[in-house]
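# Coordinate analysis (summary)
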Amino acid sequence: MSNAEVTAASAAGPEFSPGAQALLKNLQEMLNEEKWTRATLGNYSTSQFKEFDVILKNARDEKVINELKKNCDTHLTHTRNSIIALYLSGMVALSRQIIDDSAMINLVSIFLDNHKWGIVKYLCERILDYGESKFALRTLADCYKNDNEEELVYGVWERLVKVDFEEADIAKSLAEHYEKLDKKEEAIDFYKKALHRYINKSHFANVREIWDKLLVSNVEDIDFFLHIQKKIAKTISEDKAVVLLNDLYAKYKNIDIDIAINILKIVLEYDEKDVQGRREIIECFRKKYADHSQLEEYIRISNLSQNYRDVHQAISDFEKHIAFDKGNYVYHRTWGVGRIASIQGDEICIDFAKKRGHSMSLKMAVDALQTLSKNHIWVLKATRKKEELRDKVKNDYIWTLKTIIKSFENSCDMKKIKAELSPSLLSAGEWSTWNTKARGILKSNPEFGVSPDNIDIFTVRDRPISVTEKYYNEFNAQKNFLDRVSIIRDFVNNSDADTDSEYFSEMLSYFTAFLRSTNTTEQIASYLLLKEISSKEAQIPAVSANFEDIFAKIDDVPALFKNLKDTKLKEELLQNIKLHIGSWPEVYIKLFPCALLPSIIVHLEKEGYEDKLTVMCNECFENFRDNREAVVWLYENSKDTGWFKAANIGLEKQLITLIHILDITYRDIENHKDTIENRKINKRVYNILLKDGELTSFIDAADEDTIIRLFTFINDVKDLDPQDKLNLRSKILDKHPDFKFFGDAEKKVSRGLMVTQSMYEEKKKQLAHIMDEEVPANSKEIEYALSLGDLRENAEYKAAKEKQEQLNSQIAKLKEDLERAQLFDPNSINTSKVSFGTKVLLLNETTGEKEEYTILGPWESNPENNIISYLSPFGGAILNKVDGERFEFVINNERISYLVEKVAPAVL
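Here goes a summary of the coordinates provided. (Residues numbered from 1 in each chain as written. Predicted model: local features only at pLDDT ≥ 70, side-chain atom pairs only at ≥ 80, totals over all residues. Heavy atoms only, no water.)

## Description of the overall build of the chain
Quick note on the threshold: By the criteria applied, helices consist of DSSP H or I runs no shorter than four residues and strands consist of E runs no shorter than two, each listed in order from the N terminus. For a compact globule the rule gives 2.2 Å times the number of residues to the power 0.38, and the radius of gyration it is set against comes from C-alpha atoms. Remark: exposure states derive from per-residue accessible area (1.4 Å probe, protein chains only) relative to the maximum for the residue type, with buried under 20%, exposed over 50%, and partly exposed in between. Contact criterion: two residues are considered in contact whenever any of their non-hydrogen atoms come within 4.5 Å of each other. Reported accessibility uses the Shrake-Rupley method at a 1.4 Å probe radius. Residues are deemed covered only where the shown protein chains occlude them.
When helices and strands are tallied, the chain shows 45 helices and 14 strands. Rg of the C-alpha trace for the chain: 41 Å, well past the compact-globule value of 29 Å for 908 residues, more than 25% over. Structurally, the chain occupies a C-alpha span of about 130 × 105 × 45 Å along its principal axes. Put simply, the chain has 908 residues, and 47% of those count as buried. For the chain, restricting intrachain contacts to residue pairs at least 6 apart in sequence, the fraction spanning at least 24 positions comes to 57%. Entry remark: accessible area of the chain is about 46,700 Å², with carbon and sulfur atoms responsible for 47%.

Have a look at this one:
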């Protein structure tokens, strides 16, 4: 018996149904017959492949599809051109989206080499049933060419261009095809695709040919041309970009003078020695400023026409000077907004609001003044009624945004916008509402864009931008990898965005490049994202990478999981681990303490891995410092499960572990270590132990030794509110009235500031009043003072800053005192000696008079009413004295003798 027959026989064993065994046996007989009879290609037709499809369907129904593929793969090891095995194995691989499609490619190639076009076409269509394939589409197009079905060829080519981002020649052919049909939009679209792809290939001859065509058919799309020239300069050369920009300039010279000037500036950026470009920009300036009274003088002053002068400096000087003309607005940092009244030679006269008819030289004006357009926000604030402008701002968001952004060289962030509006035109509350709506407009309105270098900088578009290009610009401006993930995901989910565009393909290529990266976080994130996108967009080819190979490179899976910081990517990672990694239960167990996802627990429970969960549970509690959040999660969500109970972690140990976590999170917060994360954990533990009453419920049923242990742990949590400790103490005494807290009062006196409940509450109210009322009021005073301008002579600003320092000092002192405070429990008064909370009757043996004092803390101290602090010199002298004890106290060089007659509890 051959190896293949042994495999088939073992596969068709008793574990399968009779129908499954018969199917596998029949398959083996077919493979053997094909091999022994050496069936020729001429014996095959599409009808036989349809019969093979029936075998596949039956194998799935009988649940032996895996065995079928194994048998076919085994057969191919010694009969590599078996038509039956290639087809069946290849179709199973396709149905599973397995990357290796070599079986189907080999099969198609066999029939293609023998010109069996009908079968080739059928096989390609079957491949395409499972998603777009570059190989299948190219081959199918060849089939249609062979049959002279030209229209079908173009249809397949369109599909091919969508999935093959490198294919340029076919994109160009499609453009020419639609051009002949007089379908301008379709032709332009495919010419653009071809242009991008020829640039990527550095085929400049093809690039120039298409550039010239688009200059004729789509010259108005200046943004596209400016985007393309950047790509040409970067990918091919700056010299080639200059050649094309000169052609573009020739078109725009008589269409839009501002765009023409901008094109020439780009040319001169690439080649500052370009004499012709320098001459042309001078002529453009003459055309633009033909009515300016000082045009020729400013050209002369700036040396714009002198080749020895740096062209960029010359242009900058000219543009500074040309803004100075009669009627134009300027700004001085002290005198504010002014208007140019006249220019006589080198003398300029300006009317400022508080300094009219001010004269200065032109040179000084250029250095000291900032020129403003008549629509600059500062000009509007200076020339329009405040209420009128305020109403305009409140009701016309788009006008306001455009005005402010354009006021600052068409580059502005929300911080700057706020500075111009609040508090001068909008109150803090009004700004909050206005800001939310404005951000929505900036994100969605096509008249606004973002800076290519900074996602937070907004610009106003001269021409509305398409949704597709808006996303593309935001993508390029965003430097953070995961933020780019969010942008492309939003792009795919937006029906108005064009996933057929080259902008989209460029965004995709950014992530595709990471599949070859050594950065495993970005590599696996790109893999997961591309899989996600390809599942939504049929034209996107399957990811040509293997998850197992990428995963094998990960040294620290929990660290990678944490770095992803994207919920969707994390979910996809977990799914792929379970699907592709054999040891997924161990990986899930390792991941849980940092992932804390219920789905991990659900999958492990469902697959019967409760024992692993039990081990994990013990490890989390034993290493609670590193797994603090996992411990809290397990206590909140899993303590009633069988696998948690099997860990045998007693309730006392659970609570003590939580107390330890409460303590270490307080300390980490104080040391500014992972503050936000520790605050969240701290709050959850506090709620469990004290707010939800878990601690008191346990203490109610506990013995005295257990209570001592628990209270000792909770009492040692330094930063826990003293009131919470006092409340717990009182509840213990309610349940166990005779319970003794040994040495507690002395311990508190030695390490903290003893205070009564009433004074503690008073100090907390005082702190809250300063922080909630006085600090915000002071912030408004500072904000108002800043709006007044020049800080050097701003008395309001100085006074407000002094008040701020004063408040900060008061806050720091109160916080420090409150942190030191130890609440005194009236039930713990000890009258066997003088101590906090006692009243002592003394006999002044020097004068023969009796004196009575109440011993409290510095907050309660009131010497006029004989209430003294235990921290005062006299209070310290009395402390711990007992009935009948004599002592001496020196004051103002006078020695006084006292006798302690009686120690009694004070009325608190």
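## Section: empty space enclosed by the protein
The following threshold applies: Space inside and on the surface of the protein is sampled on a 1 Å grid over the protein atoms alone, with a cavity defined as a set of points where a 1.4 Å probe fits but cannot get out and a pocket as an open set with protein on both sides within 12 Å along at least 5 of 7 lines; lining residues have an atom within 4 Å of a point. Grid points are joined across faces, edges and corners, and a volume is the space filled by probe spheres set on the points. Polarity classes work like this: nonpolar for Ala, Val, Leu, Ile, Met, Phe, Trp, Tyr, Cys and Pro, charged for Asp, Glu, Lys and Arg, and polar for all others, with Gly in that last group.
Under the criterion given, the structure shown has four cavities of 30 Å³ or more. Estimates place the volume of the second largest cavity at around 40 Å³. Every residue along the wall of the second largest cavity is listed here: V161, K162, F165, K193, R197, T499, D500, S501, E502 and S505. Secondary structure elements with two or more residues in the lining of the second largest cavity: α9 (150-163), α11 (184-201) and α27 (502-513). Residue composition of the lining of the second largest cavity, grouped by class: two nonpolar, three polar and five charged.

## A closer look at the nonpolar core
This is how it is decided: The term nonpolar core refers to a set of buried residues drawn from Ala, Val, Leu, Ile, Met, Phe, Trp, Tyr and Cys, joined through side-chain atoms within 4.5 Å.
Counting residues in hydrophobic clusters, the biggest one holds 215 residues, and the most contacted among them are F49, L68, Y87 and F324. Dropping the residues within four chain positions of it, F49 is found in contact with Y44, I83, Y87, L107, F111, I119, Y122 and L123. Core analysis: the next-biggest nonpolar cluster, separate from the first, contains 34 residues, I811, F824, L856 and I878 among them.

## Side note on the sheet that holds strand β5 (residues 370-372)
Under the convention used in this document: By definition, two strands form a pair when at least two bridges between them are found by DSSP. Geometry is summarised by axes, namely lines fitted to C-alpha atoms with helices restricted to the contacting stretch, and by angles between N-to-C directions that run from 0 to 180 degrees.
Strand order across the open sheet formed by five strands is β4-β3-β2-β1-β5, with antiparallel pairing between neighbours. Lying at the two open borders of the sheet, with one neighbouring strand each, are β4 (355-361) and β5. If you compare each strand with its neighbour and ignore which way they point, the axes differ by 40 degrees on average. Pairing analysis gives five bridges linking strand β3 (residues 347-352) to β4, with the strands arranged antiparallel. Bridged to I350 within β4 is H358.

## Brief notes about the side chain of D566
Along the chain, the position of D566 falls in the loop between α30 (557-564) and α31 (567-580). Not counting the four nearest positions on each side in its chain, D566 is found in contact with L482, V485 and R489.

## A word on the side chain of R126
Cut-off, in case you're wondering: Identification of polar contacts relies on pairs of N or O atoms within 3.5 Å, with a donor-acceptor requirement for protein atoms, meaning one able to donate a hydrogen and the other able to accept it, and with residues adjacent in sequence counted only if both atoms are side-chain atoms.
With respect to the helices, strands and loops of the structure, R126 is situated in helix α7 (residues 117-128). Here D53 takes part through its side chain, which lies 3.2 Å from a polar atom of the side chain of R126. A polar side-chain atom of R126 sits 3.2 Å from a polar atom in the side chain of Y87. Excluding residues that lie within four positions of it along the chain, R126 makes contacts with D53, Y87 and M91.

## Concerning the sheet that holds strand β10 (residues 838-844)
The mixed open sheet is built from five strands, whose spatial order is β12-β11-β10-β14-β13. Only two strands of the sheet have a single partner each, and these edge strands are β12 (867-869) and β13 (886-891). Pairs of neighbouring strands in the sheet enclose a mean axial angle of 45 degrees, with direction left out of account. Direction of pairing for β10 relative to strand β11 (residues 849-856): antiparallel, over a ladder of six bridges. Residue K839 lies in a different strand from β11, and its bridge partner there is T854.

## Examining the pairing of strand β1 (residues 329-332)
The side chains of a regular strand alternate, residue by residue, between the two faces of the sheet. Taken together, the four bridges between β1 and strand β2 (residues 336-344) define a ladder with antiparallel strand orientation. Across the sheet, Y331 pairs through a bridge with V337, a residue of β2. The turn linking β1 back onto β2 is made up of three residues.

## Here's the deal with the packing of aromatic side chains
Each aromatic ring pair is characterised by the separation of its centres together with the angle its planes make. This is how the line gets drawn: Note on aromatic contacts: the rings of Phe and Tyr and the six-membered ring of Trp form a pair at centre separations within 6.5 Å, being stacked when their planes are under 30 degrees apart, edge-to-face when over 60 apart, and tilted otherwise. Note on geometry: a ring has a charge over it if NZ (lysine) or CZ (arginine) is within 6 Å of the ring centre and within 35 degrees of the ring normal.
On inspection of all chains with the given rule, the structure shows 41 aromatic pairs. With a centroid separation of 6.3 Å and 85 degrees between ring planes, the pair formed by Y44 and F111 is classed as edge-to-face. Placement of the pair is Y44 in the loop between α2 (18-37) and α3 (46-61) and F111 in helix α6 (residues 102-113), with a sequence separation of 67 residues. Seen in terms of ring centroids, Y510 and F511 are 5.0 Å apart; in terms of plane orientation they differ by 85 degrees. Their pairing is edge-to-face. Through a chain of ring-to-ring contacts, the aromatic side chains of Y44, F49, F52, Y87, F111 and Y122 assemble into a single cluster. Cation over ring: K578 sits above W584, and NZ or CZ is 5.0 Å from the ring centre.

## Some points on the pattern of salt bridges
The following threshold applies: When a carboxyl oxygen of Asp or Glu is within 4 Å of a side-chain nitrogen of Lys or Arg, the pair counts as a salt bridge.
Scanning all chains against the criterion turns up 53 salt bridges. Between D73 and K69 there is a salt bridge, and its shortest N-O distance comes to 2.8 Å. Taken as a pair, D73 and K69 lie in helix α4 (residues 65-78) at a separation of four residues, close to a single helical turn. Here E622 makes a salt bridge to K653, at a shortest N to O gap of 2.6 Å. Of this pair, E622 sits in helix α34 (residues 610-622) while K653 sits in helix α37 (residues 651-670), and the two are 31 residues apart along the sequence. Overlapping salt bridges bring together E387, R390, K394 and E430 as one network.

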